[in-house]
Amino acid sequence: MSESPEIKALLVEAERRGLAAVKAGRLWPATPSEVEDVRVFLNDTRPNDKGIFFNKQEQLDDPPIADQVFDSNSQLVSTIQRVSRNNSAVASTNFTQASFRENAQGEYRRTKNLISRLRALWLDCDIRPGERGKYKTYSEALDHLSDFDEATGLSADYVIDSGSGLHVYYSLGSDLTHDTWTPIAKDLKLALKSFGIAADYGVTVSGNQPLRLPYSLNLKQNRPPKLVHFLQPQGFRLKGVKK
């Protein structure tokens, strides 16, 4: 399946903006309206509570810059805005969907035993032409995911181009404890496998999984920089993409 013209145009624009951000030394080149889209997305998909983010200079294959704790979704956005304005070494930004509690030493760590609450389910699909078991195009992945949603009665709330694939989110509408969330995530994993969705199933059941922040940069080696972006912000439905 070839890429649809609509998707192809979005991918070209994401690469153009990624290159421009690197040249300008901007870690998070979001416009004011895009910042608001991210605020809505975060409040829909994660608890408005303590989380962890880190930056990584992927093209240099450096280890992640030390994890940083944020107290709320708004603080994550304002912190990334400030870092982006003052940053000369452009890096990618990853954050946790889960909120976390302190360990016995009063520290916040990105470990499963410290997960407090979660507000969404998610999946990660890679687009890798020529690699067996992966989607060849974004259009192919979107069509298959649309069929999955239709068959299961699910409806994805956000679909994000991660720069090398898709991050798909299903908002749960309320915060759940990790113990309550885990069996639901496992059910989604089994449904994805049964339907043949080419996803990283481990990501779906990892509550402490870091994921890319929309409008940050994907800077993986041997690829042009790309902007991580919503394929359509705020309530995008896969059914709206399927022809």
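Just above sits the structure.
Scoring rules and cut-offs
Residues numbered from 1 in each chain as written. Predicted model: local features only at pLDDT ≥ 70, side-chain atom pairs only at ≥ 80, totals over all residues. Heavy atoms only, no water. Core = buried A, V, L, I, M, F, W, Y, C linked by side-chain atoms within 4.5 Å. Buried < 20%, exposed > 50% of the residue type's maximum accessible area, 1.4 Å probe, protein only. Helix = DSSP H or I, 4+ residues; strand = E, 2+ residues; numbered from the N terminus. Pairing = 2+ DSSP bridges. Contact = heavy atoms within 4.5 Å. Axes fitted to C-alpha atoms, helices over the stretch in contact; angles between N-to-C directions. Expected span 1.5 Å × (residues − 1). Arc of directions from axis to C-beta. Salt bridge = Lys/Arg side-chain N within 4 Å of Asp/Glu carboxyl O. Phe/Tyr/Trp six-rings, centres within 6.5 Å; stacked < 30°, edge-to-face > 60°.

A. Local environment of the nonpolar core. Ranked by internal contacts, the top residues of the largest apolar core, which has 64 residues, are Trp28 and Leu166. For this core, the element with the highest residue contribution is strand E4 (residues 117-126), accounting for six residues.

B. Molecular detail of the sheet that holds strand E10 (residues 229-230). On the basis of which strands lie adjacent, the open sheet formed by four strands has the order E4-E6-E5-E10 and antiparallel pairing. Looking at which strands have only one partner, the edges of the open sheet turn out to be E4 and E10. Pairing geometry for strand E5 (residues 158-161) and E10, over two bridges, is antiparallel. Pairing of Asp161 across the sheet is with His229, part of E10. Each of E4, E5, strand E6 (165-177) and E10 touches helix H2 (residues 32-45); the most contacted strand, E5, lies at about 125° to it. Packed onto the sheet, helix H4 (residues 138-152) meets E4, E5 and E6 and runs at close to 35° relative to E6.

C. The arrangement of helix H1 (residues 5-24) in detail. With 20 residues, H1 ought to run about 28 Å at 1.5 Å a step, and its terminal C-alpha atoms sit 29 Å apart, in line with that. Within H1, the full set of buried residues consists of Ile7, Leu11, Ala14, Arg17, Gly18 and Ala21. Around the axis of H1, the buried residues are gathered within 130° of arc, so they sit on the same side. H1 presents Pro5, Val12, Lys23 and Ala24 as exposed residues on the side facing more than 90 degrees away from its buried surface.

D. Spatial organisation of the pattern of salt bridges. Here the structure, examined in full by the defined rule, presents eleven salt bridges. The residue Glu13 makes a salt bridge to Arg16 at a minimum N-O spacing of 2.7 Å. Here Glu13 and its partner Arg16 are both found in helix H1, three residues apart, which amounts to about one turn of the helix.

E. View of the side chain of Thr93. Considering the arrangement of structural elements, one finds Thr93 in strand E3 (residues 92-96). Residues contacting Thr93, with those up to four places away along its chain left out, are Leu27, Phe53, Phe54, Asn55, Ile80, Leu211, Arg212, Leu213 and Ser216.

F. Layout of unusual backbone geometry. Although it is not a glycine, Tyr215 sits at a positive phi angle of roughly 70°. Mapped onto the fold, Tyr215 is located in the loop between strand E7 (210-212) and strand E8 (217-218). Relative accessible area serves as the criterion here: at 5%, Tyr215 is assigned to the buried category.

G. Local environment of the sheet that holds strand E1 (residues 51-56). The strand order across the open sheet built from four strands is E2-E1-E3-E7, with neighbouring strands paired in antiparallel fashion. At either margin of the open sheet sits one strand with a lone partner, and together these are strand E2 (68-70) and E7. When strand polarity is set aside, the average angle formed by the axes of neighbouring strands in this sheet is 35°.

H. Up close: the packing of aromatic side chains. This model, assessed by the stated rule, comprises eight aromatic pairs. Judged by centre distance (5.2 Å) and plane angle (75°), the rings of Phe41 and Tyr158 are edge-to-face. Taken together, the positions of Phe41 in helix H2 and Tyr158 in strand E5 put the pair 117 residues apart, joining distant regions of the chain. Per residue, the accessibility class of Phe41 equals that of Tyr158, and both read buried. An angle of 50° between the planes, with centres 5.9 Å apart, marks the rings of Tyr158 and Phe230 as tilted. Of the two residues, Tyr158 is situated in strand E5 and Phe230 in strand E10; the sequence distance between them amounts to 72 residues. Take Tyr158 and Phe230: they sit in the same class, and that class is buried. Clustering of aromatic rings is evident, with ring pairs tying together Phe41, Tyr158, Tyr169, Tyr215 and Phe230.

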